[in-house]
Amino acid sequence: MKDPYEVLGVPHGASEEEIKKAYRDLARKYHPDNYTNNPLADLAQEKMKEINEAYDTLMKGGASMASNASGYRGNQNASGELSEVRELIRQGRLDAAEAQLDGIAQHNAEWYYLRGVIAQQRGWMDEAAQNFRIAVNMDPHNYEYRNAANAASGGGAYTYRQQEYGNSQSDDLCGLCSTLMCMNCLCDCCR
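Residues numbered from 1 in each chain as written. Predicted model: local features only at pLDDT ≥ 70, side-chain atom pairs only at ≥ 80, totals over all residues. Heavy atoms only, no water.

So, the layout of surface pockets
Space inside the largest pocket adds up to approximately 200 Å³. Around the largest pocket sit 15 residues that line it, and Met59, Lys60, Ala109, Met138 and Asp139 are the ones nearest its centre. Those elements that provide at least two residues to the lining of the largest pocket are helix H2 (16-30), helix H3 (41-66) and helix H6 (109-121). At 4 residues, H3 tops the list of elements feeding residues into the lining of the largest pocket. (1 Å grid on protein atoms, 1.4 Å probe; cavity = no way out; pocket = protein on both sides within 12 Å on 5 of 7 lines; lining within 4 Å. Points joined across faces, edges and corners; volume = space filled by probe spheres on them. Helix = DSSP H or I, 4+ residues; strand = E, 2+ residues; numbered from the N terminus.)

A short note on the pattern of salt bridges
In the structure shown here, the tally under the stated rule is 12 salt bridges. Between Lys47 and Glu50 there is a salt bridge whose closest N-O contact spans 3.6 Å. One end of the pair is Lys47 and the other is Glu50, both in helix H3 and 3 residues apart, which spans about a single turn. Judged by relative accessible area, Glu50 falls into the partly exposed class, the value being 22%. For Arg86, the salt bridge goes to Glu144, with nearest N and O atoms at 3.2 Å. One end of the pair, Arg86, is in helix H4 (residues 76-90); the other, Glu144, is in helix H8 (residues 143-152), and 58 residues separate them in sequence. Residue classification places Glu144 among the buried residues on the basis of a relative accessible area of 3%. A network of salt bridges, in which partner residues are shared, links Asp95, Glu98, Asp102, Arg115 and Arg122. (Salt bridge = Lys/Arg side-chain N within 4 Å of Asp/Glu carboxyl O. Buried < 20%, exposed > 50% of the residue type's maximum accessible area, 1.4 Å probe, protein only.)

Digging into helix H7 (residues 125-138)
Its 14 residues place the ends of H7 20 Å apart at the C-alpha level, agreeing with the 20 Å of an ideal helix rising 1.5 Å per residue. Here H7 has its buried residues at Ala128, Ala129, Asn131, Phe132, Ala135 and Val136. Each buried residue of H7 lies within a common arc of 165° when the element is viewed along its axis, so the set occupies one face. Along H7, exposed side chains directed more than 90 degrees from the buried face belong to Asp126 and Asn137. The elements touched by buried residues of H7 are H6 and H8. (Expected span 1.5 Å × (residues − 1). Arc of directions from axis to C-beta. Contact = heavy atoms within 4.5 Å.)

Structural data, given as structure tokens:
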């Protein structure tokens, strides 16, 4: 893994606020939704994954990591395992992803988020919403967790992760909306 300070473009020893600001700026710039139908979409998605991992590494390390001017000494093992879980989910291998999560002792915000994604993919929306809320409570500044929690509670679109994990829920919602619009037109014509 690359040096998380370098990925976020902040100096070693940067304050937590500087790290958060850099993360927000980069997240706005490289969010995959900005690259829909763009040949650079895959690159933006990879860059966003790298940015998320760097931010998570620095935030998990807390003040000791943020003030460590001697270089990157993060918890690569936990981060690597969670990256593997993300890949398993992307491949649709939910049982393997869940088994991998069960083997991780430290239940951080990303752990709960990924548990929520697995539940969502299985259609267990209550469990998904509960896990997303825990992830947001643990890391309230993570837009990915907030978007998932908001969508699970019926408050908005959840496009980035649906695209990454191949969820067809957005297609189902489009079909539902189209049907409702057609029914509305028919009802207006019959009056």
